[in-house]
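Working through the structure, step by step
Single-letter residue listing:
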Amino acid sequence: QVQLVESGGGLVQPGGSLRLSCAASGFTFSNYAMSWYRQAPGKERELVATITSTGGSTNYADSMKGRFTISRDNAKYTVYLQMNSLKPEDTAVYYCYTYRGYGLGSRRDYWGQGTQVTVSS
């Protein structure tokens, strides 16, 4: 069974930092790209960052560039999101995500349960 379990969320002050972790199991972690998404109350879920299976390439949403860093440790089946210079608008539930392709036009999504990040004075 594919499982993604996020941790590391909490309350931080504006300008502070937080490191999220996503522990994966049930699949060959090193074969899959991983992503972080977030969803604030009343807003759509949005992509935060993506990292390739080897960790050799990363992509970020514009608002996160220069502040957030996604990384992974394939030996530990874990993907991380280092968040710096946090702003109140970063407050959201952060989700770990991956997907499997089962052939042309076939795809299955996997989501963690999320971890709450609150940025407030």
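Here's what I pulled together on the structure shown here. (Residues numbered from 1 in each chain as written. Predicted model: local features only at pLDDT ≥ 70, side-chain atom pairs only at ≥ 80, totals over all residues. Heavy atoms only, no water.)

1. Some points on the state of the cysteines
To keep it simple, the criterion reads: By convention in this document, the label disulfide applies to cysteine sulfur atom pairs within 2.5 Å. Numbered from the N terminus, helices here are DSSP runs of H or I no shorter than four residues, and strands are runs of E no shorter than two.
Following the criterion strictly, the structure yields one disulfide and no others. The partner cysteine of Cys22 in its disulfide is Cys96, sulfur to sulfur 2.1 Å. A torsion of -85° about the S-S bond marks the disulfide between Cys22 and Cys96 as left-handed. Of this pair, Cys22 sits in strand β3 (residues 18–25) while Cys96 sits in strand β9 (residues 92–101), placing them 74 residues apart in sequence.

2. Side note on the packing of aromatic side chains
The condition is simple: The criterion for an aromatic pair is that two Phe, Tyr or Trp rings (for Trp, the six-membered ring) have centres within 6.5 Å, with stacked assigned to planes under 30 degrees apart, edge-to-face to planes over 60 apart and tilted to the rest. Buried means the residue's accessible area, taken with a 1.4 Å probe over protein chains only, is under 20% of the maximum for its type, while exposed means over 50%, and partly exposed covers the values in between.
Following the criterion strictly, the structure yields eight aromatic pairs and no others. Taken together, a centroid distance of 6.1 Å and an interplanar angle of 55° make the contact between Phe27 and Phe29 tilted. Judged on exposure class, the residue Phe27 and its partner Phe29 are both buried. On the basis of an interplanar angle of 45° and a centroid distance of 4.5 Å, the ring pair of Tyr97 and Trp111 is categorised as tilted.

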